[in-house]
Amino acid sequence: MERVNKILTNSLYQSYLEKNNQAEAQRSFCRHNTAHFFDVARIALILNEQECYGQAQEIIYAAALLHDIGRWMQYEDGTPHEKAGSMLAPEILKSCGFTKEESERIVKAIDSHRREEVKEEKNLSGLLYRADKLSRACFACKMEKECDWKNKKKNLKLIL
Ligand SMILES: [Fe+2]
Ligand SMILES: [Fe+2]
């Protein structure tokens, strides 16, 4: 987990996280913060075990920690945050010791984490998509009725 710990203390990672936190300080809907990143990581780890995705723990953590790191840019200039994250993540991954091949797989998963088409894929992209959606506790959310997620995407019952 050495490389994951490097991400957590990386100055760029921390600055993007702070930008997310500032942009969402007044947000009543789901936030894109550390708690969300860890929820996604841990759900992905469970799915990885239960359904034999065969993904390494460090790769799962890296994808989960970085997948929404560009959310602040979406608020600033409208760049879709999966595109922003795909642009911002490689530099962090490189400086934390991830190889080019690992970085490309992680970035691909970040880029597709809002595309339902990857949901069934038995790879890192499919795993990140599912864990990200499962992480939202719609069944216990006061804003559920006002949320623009389609009903079939909402977690109206606890599944995992
Ligand atoms: Fe996202
Ligand atoms: Fe997310």
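To start, this report covers the structure provided alongside it. Small disclaimer: the values here were computed from a predicted structure and weren't measured.

For helix 1 (residues 2-9), every residue scored as buried is listed here: R3, V4 and I7. The arc enclosing the buried residues of helix 1, seen along the axis, measures out at 105°, which places them on a common side. The exposed set on the far side of helix 1, more than 90 degrees from its buried face, consists of E2 and T9. Turning to helix 1, the residues buried within the fold contact helix 2 (11-23), helix 4 (57-66), helix 6 (81-95) and helix 7 (100-111).

Ranked by size, the top nonpolar core spans 41 residues in total, and within it I7, Y13, L66, L93, F98 and I106 carry the most contacts. Those residues in contact with L93, other than ones at most four positions away along the chain, are I7, A62, L66, F98, S103, I106 and V107.

Right, let's get into the coordination of the iron ion (ligand 1). Looking at the iron ion (ligand 1), one finds its protein donor set to be D68 (OD), H81 (NE2) and H113 (NE2), positioned 2.1 to 2.2 Å from the metal centre. Positions of the donor residues of the iron ion (ligand 1), expressed as sequence spacing, correspond to D-x12-H-x31-H. Between the iron ion (ligand 1) and the iron ion (ligand 2) the interatomic distance amounts to 3.6 Å, and D68 serves as a bridging ligand to the pair. Highlighted residues: D68 in the loop between helix 4 and helix 5 (71-77) and H81 in helix 6, separated in sequence by 13 residues. The same class applies to D68 and to H81, which are both buried.

A few words on the layout of surface pockets. Approximately 500 Å³ is the volume found for the largest pocket. Among the elements of the structure, helix 5 and helix 8 (124-134) are those that each provide at least two residues to the lining of the largest pocket. Within the lining of the largest pocket, the residues separate by chemical class into eight nonpolar, six polar and twelve charged. The calculated volume of the second largest pocket comes to roughly 390 Å³. The wall of the second largest pocket is formed by 18 residues, among which K119, Y129, K133, K152 and K153 lie closest to the centre. If you list the elements that add at least two residues to the lining of the second largest pocket, you get helix 3 (34-50) and helix 8. The dominant element in the lining of the second largest pocket, judged by the number of residues it contributes, is helix 8, at four residues. In terms of residue class, the lining of the second largest pocket is built from six nonpolar, two polar and ten charged.

The next subject is helix 4. The buried count for helix 4 comes to nine of ten residues, which makes it a mostly enclosed element. On the buried face of helix 4, the contacting elements are helix 1, helix 2, helix 3, helix 6, helix 7 and helix 8.

Attention shifts here to a nonpolar patch on the surface. A cluster of nonpolar side chains, contributed by I46, I159 and L160, occupies part of the molecular surface with about 280 Å² of accessible area. Within the fold, L160 resides in the segment after helix 8. For L160, a relative accessible area of 35% corresponds to the partly exposed category.

Our focus in this paragraph is the packing of helix 4 against helix 7. The contact between helix 4 and helix 7 brings their axes to 10 Å, and the two run at 45°. Of the possible angle classes, the one that applies to helix 4 and helix 7 is oblique. In this structure, helix 4 meets helix 7 at a crossing whose hand is right-handed. Contacts between helix 4 and helix 7 involve I59, A62, A63 and L66 from the first element and E102, R105, I106 and I110 from the second. For the contact of helix 4 with helix 7, the per-class residue count stands at six nonpolar, no polar and two charged.

Basis of the calculations
Residues numbered from 1 in each chain as written. Chains lettered and ligands numbered in written order. Predicted model: local features only at pLDDT ≥ 70, side-chain atom pairs only at ≥ 80, totals over all residues. Heavy atoms only, no water. Buried < 20%, exposed > 50% of the residue type's maximum accessible area, 1.4 Å probe, protein only. Helix = DSSP H or I, 4+ residues; strand = E, 2+ residues; numbered from the N terminus. Arc of directions from axis to C-beta. Contact = heavy atoms within 4.5 Å. Core = buried A, V, L, I, M, F, W, Y, C linked by side-chain atoms within 4.5 Å. Donors = N, O, S within 2.8 Å, 3.2 Å for Na, K, Ca; no water. 1 Å grid on protein atoms, 1.4 Å probe; cavity = no way out; pocket = protein on both sides within 12 Å on 5 of 7 lines; lining within 4 Å. Points joined across faces, edges and corners; volume = space filled by probe spheres on them. Nonpolar A, V, L, I, M, F, W, Y, C, P; charged D, E, K, R; others polar. Patch = residues over 30% accessible without salt bridge, like charges linked within 9 Å, V, L, I, M, F, W, Y side chains within 5 Å. Areas by Shrake-Rupley, 256 points an atom, 1.4 Å probe, with all protein chains shown as cover. Salt bridge = Lys/Arg side-chain N within 4 Å of Asp/Glu carboxyl O. Axes fitted to C-alpha atoms, helices over the stretch in contact; angles between N-to-C directions. Parallel < 35°, antiparallel > 145°, perpendicular 65-115°, else oblique. Left-handed = near helix turned anticlockwise from the far one by under 90°.

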